[in-house]
Amino acid sequence: MATENIIDDLNKGEKLTGTNYDIWHKKITFLLNEQELFEHLTTIMTRPPEGNTTQSRQDLEAFETWSKKDRCARFTLLSCMHDELIDAYKHCATAKEMWDQLRFDFVGTSVTRL
């Protein structure tokens, strides 16, 4: 229920604008944590080498599962941005790359209330 409220907030007006990074960051962190996608903001996985062993197949399956969840995390991040920002970040190959770039671009730019 709380996750749905945050998604609604992010899609109705709390999308990342460039001046609200601090609060957006907190909400999106909570959202991705609830969706069990937060690890994709901090880790990456590389495609394993091809092979015919059981271990190779398991490694490939794990990578494919990780890739699918990473795409979900990337989609969530993009859908919680204003349209004007999407083009600047849609090229990021992983959610972690996008997250790191957003932090680089926006940390210290949020408007704070006194």
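Parameters and conventions
- Residues numbered from 1 in each chain as written.
- Predicted model: local features only at pLDDT ≥ 70, side-chain atom pairs only at ≥ 80, totals over all residues.
- Heavy atoms only, no water.
- Helix = DSSP H or I, 4+ residues; strand = E, 2+ residues; numbered from the N terminus.
- Buried < 20%, exposed > 50% of the residue type's maximum accessible area, 1.4 Å probe, protein only.
- Polar contact = N/O pair within 3.5 Å; in protein donor to acceptor, adjacent residues only side chain to side chain.
- Contact = heavy atoms within 4.5 Å.
- Phe/Tyr/Trp six-rings, centres within 6.5 Å; stacked < 30°, edge-to-face > 60°.

For the protein, the name recorded in an unreviewed UniProt entry is UBN2_3 domain-containing protein, with Cephalotus follicularis as its organism.

**Student:** Explain the environment of Gln-101 here, please?
**Tutor:** Tracing the backbone through its elements, the reader meets Gln-101 in helix H5 (residues 95-106). For Gln-101 and Ala-88, which are 13 residues apart along the polypeptide, the C-alpha to C-alpha distance reads 9.9 Å.

**Student:** Please explain the side chain of Thr-76 as it appears in this structure.
**Tutor:** Residue position: Thr-76 is located in helix H3 (residues 54-79). Residue classification places Thr-76 among the buried positions, given a relative accessible area of 10%. Here the side chain of Thr-76 touches Cys-72 through a polar contact of 2.9 Å, landing on its backbone oxygen. Non-local contacts of Thr-76, meaning those with residues more than four positions away in its chain, are made with Ile-28, Leu-31, Leu-32 and Gln-35.

**Student:** Sorry, what's going on with the packing of aromatic side chains here?
**Tutor:** Between two aromatic rings, the relevant description is the distance of the centres plus the angle of the planes. Considering all chains together, one arrives at five aromatic pairs under this definition. Both rings, one in Tyr-21 and one in Phe-106, keep their centres 6.2 Å apart while their planes meet at 25°; by these two values the pair is stacked. Pair noted here: Tyr-21 is in helix H2 (residues 21-34) and Phe-106 is in helix H5, with a separation of 85 residues, a long-range link. The exposure class assigned to Phe-106 is buried, which follows from its relative accessible area of 9%. Taken together, a centroid distance of 6.2 Å and an interplanar angle of 35° make the contact between Trp-24 and Trp-99 tilted. Here Trp-99 lies in helix H5 and Trp-24 lies in helix H2, a separation of 75 residues in the sequence. When sorted by exposure, Trp-24 lands in the same class as Trp-99, which is buried.

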